[in-house]
Amino acid sequence: MTVLLSPADPTAVVATMPATYSSVTMPTTRAADRSSDRTSDRASDRASDRASSRASDRAESERLAAGFVRGDEESFALVYRRWGALVYSLAARSLGDAREAEDVAQQTFLAAWRGRHGYHALRGPLPGWLVGIARRKIADAHAARSRRTELAAAHAARESADAPGTAEPPEAALDRVLVSQELRKLPPVQRDILRLAFFDDLTHVQIAERTGLPLGTVKSHARRAMARIRRSMTDGPAADSSAA
């Protein structure tokens, strides 16, 4: 408030007028308060939306996990679509190979499906359980890779021990050709199992996980395939000579 005094009588008040800042400051303060309230409301709404989204996501995950454990195939497909990328990226970072990472992802979900009754929600969420399985499959893949590396190194050592220019024994080349021919004669399932066993160096358990076949079936196919190859390679020449 500004006070105007009389020039003649300094004690006499002529007029009063509001201070110039009052008409400006007060509305500006109210506008700032309203803006702060709106900002606070928006932040509160966003926090509420995030909390609601997390609760909805958690409920959906629990619903999928329950269906998965019950053996519902649609739930299994949704579980794969929801967390398949997580498992694949984990394997790809560890192995550095896209094809191996895809194999590990498939093995992980097949193993999870077969062992789904071992999952208990009280011990943790389903994604964490899947990651635990994936880590074991990744470790298996690294072990298989190490075995292949060791076999390749041993083979290279044997070759370097041979004198330069030494030709491969004719019977070794013949054996390799005969085995390849016999593999082609096998039924597709038996042929694939032997290739996984001898060329990919997988165990029967790993082959069962890779193919989705029961372990007993894998062992039976491998046994019959080997017996068939041995019988064919043993009886073949005699049969040919008798036919001649």
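Refer to the structure above for everything that follows.
Below you will find a few notes about this structure. What you see is a predicted model; the values in this text were computed from it and never measured.

1. So, the overall build of the protein chain
Across its full length, the protein chain carries eight helices and two strands. From first element to last, N terminus to C terminus, the protein chain shows the α and β order β-β-α-α-α-α-α-α-α-α. Taking all 244 residues of the protein chain together, the buried fraction comes to 23%. Surface exposure of the protein chain reaches about 16400 Å², of which carbon and sulfur atoms provide 57%.

2. Focus on the packing of helix H3 (residues 98-114) against helix H7 (residues 204-211)
Interhelical geometry of H3 versus H7 gives an angle of 90 degrees and a closest axis separation of 8 Å. Here H3 is positioned roughly perpendicular relative to H7, judged by the angle of their axes. Facing H3, whose interface residues are Asp103, Gln107, Leu110 and Arg114, H7 presents Ala208, Glu209 and Arg210. Partitioning the contact of H3 with H7 into residue classes produces two nonpolar, one polar and four charged.

3. Details of the nonpolar core
Core analysis: the biggest nonpolar cluster contains 25 residues, and Phe68, Val79, Phe109, Leu126 and Leu130 have the highest contact counts within it. In terms of nonpolar packing, the next biggest core, distinct from the first, is built from eight residues, Leu196, Ala197, Val218 and Ala222 among them.

4. A look at H3
When the terminal C-alpha atoms of H3 are compared, their 24 Å separation across 17 residues agrees well with the 24 Å that a helix rising 1.5 Å per residue should span. The N-cap of H3, judged by a side-chain oxygen 3.1 Å from the amide nitrogen of arginine 99 a few residues on, is aspartate 97.

5. Comments concerning the pattern of salt bridges
The full count for this structure, using the stated rule, is three salt bridges. Residue arginine 145 pairs with glutamate 100 through a salt bridge whose shortest N-O separation is 2.3 Å. Of this pair, arginine 145 sits in helix H4 (residues 126-161) while glutamate 100 sits in helix H3; the two residues are 45 residues apart in sequence, bridging distant segments of the chain. Overall, arginine 145 belongs to the partly exposed group, its relative accessible area being 27%. By relative accessible area, which is 17% here, glutamate 100 ends up buried.

6. Observations regarding the packing of helix H2 (residues 73-95) against H3
Where H2 contacts H3, the two axes come as close as 8 Å, and the packing angle between them is 140 degrees. Taken as axis vectors, H2 and H3 run oblique relative to one another. You can see that H2 and H3 cross each other, and the crossing is right-handed. Across from Glu73, Phe76, Val79, Tyr80, Trp83, Gly84, Val87, Tyr88, Ala91, Ala92 and Leu95 in H2, the residues of H3 making contact are Ala98, Glu100, Ala101, Glu102, Val104, Ala105, Thr108, Phe109 and Trp113.

7. A word on the environment of glutamine 106
Among the secondary structure elements, glutamine 106 is positioned in helix H3. Look at glutamine 106 and you get partly exposed, because its relative accessible area is 44%. Here the alpha-carbon distance between glutamine 106 and tyrosine 80, two residues 26 residues apart in the chain, equals 9.3 Å.

8. A word on the packing of aromatic side chains
Tallying each qualifying case throughout the model produces six aromatic pairs. For the pair phenylalanine 68 and phenylalanine 76, a centre-to-centre distance of 6.0 Å together with 35 degrees between the ring planes defines the contact as tilted. Just as phenylalanine 68 is buried, phenylalanine 76 falls in that class too. Aromatic rings pair up to connect Phe68, Phe76, Trp113, Tyr119 and Trp129 into one cluster.

9. Re helix H6 (residues 188-198)
Turning to H6, its buried residues are Gln190, Ile193, Leu194, Leu196 and Ala197. Angular distribution of buried residues about the axis of H6 spans 160 degrees; they occupy a single face of the element.

Procedures and definitions
Residues numbered from 1 in each chain as written. Predicted model: local features only at pLDDT ≥ 70, side-chain atom pairs only at ≥ 80, totals over all residues. Heavy atoms only, no water. Helix = DSSP H or I, 4+ residues; strand = E, 2+ residues; numbered from the N terminus. Buried < 20%, exposed > 50% of the residue type's maximum accessible area, 1.4 Å probe, protein only. Areas by Shrake-Rupley, 256 points an atom, 1.4 Å probe, with all protein chains shown as cover. Axes fitted to C-alpha atoms, helices over the stretch in contact; angles between N-to-C directions. Parallel < 35°, antiparallel > 145°, perpendicular 65-115°, else oblique. Contact = heavy atoms within 4.5 Å. Nonpolar A, V, L, I, M, F, W, Y, C, P; charged D, E, K, R; others polar. Core = buried A, V, L, I, M, F, W, Y, C linked by side-chain atoms within 4.5 Å. Expected span 1.5 Å × (residues − 1). Polar contact = N/O pair within 3.5 Å; in protein donor to acceptor, adjacent residues only side chain to side chain. Salt bridge = Lys/Arg side-chain N within 4 Å of Asp/Glu carboxyl O. Left-handed = near helix turned anticlockwise from the far one by under 90°. Phe/Tyr/Trp six-rings, centres within 6.5 Å; stacked < 30°, edge-to-face > 60°. Arc of directions from axis to C-beta.

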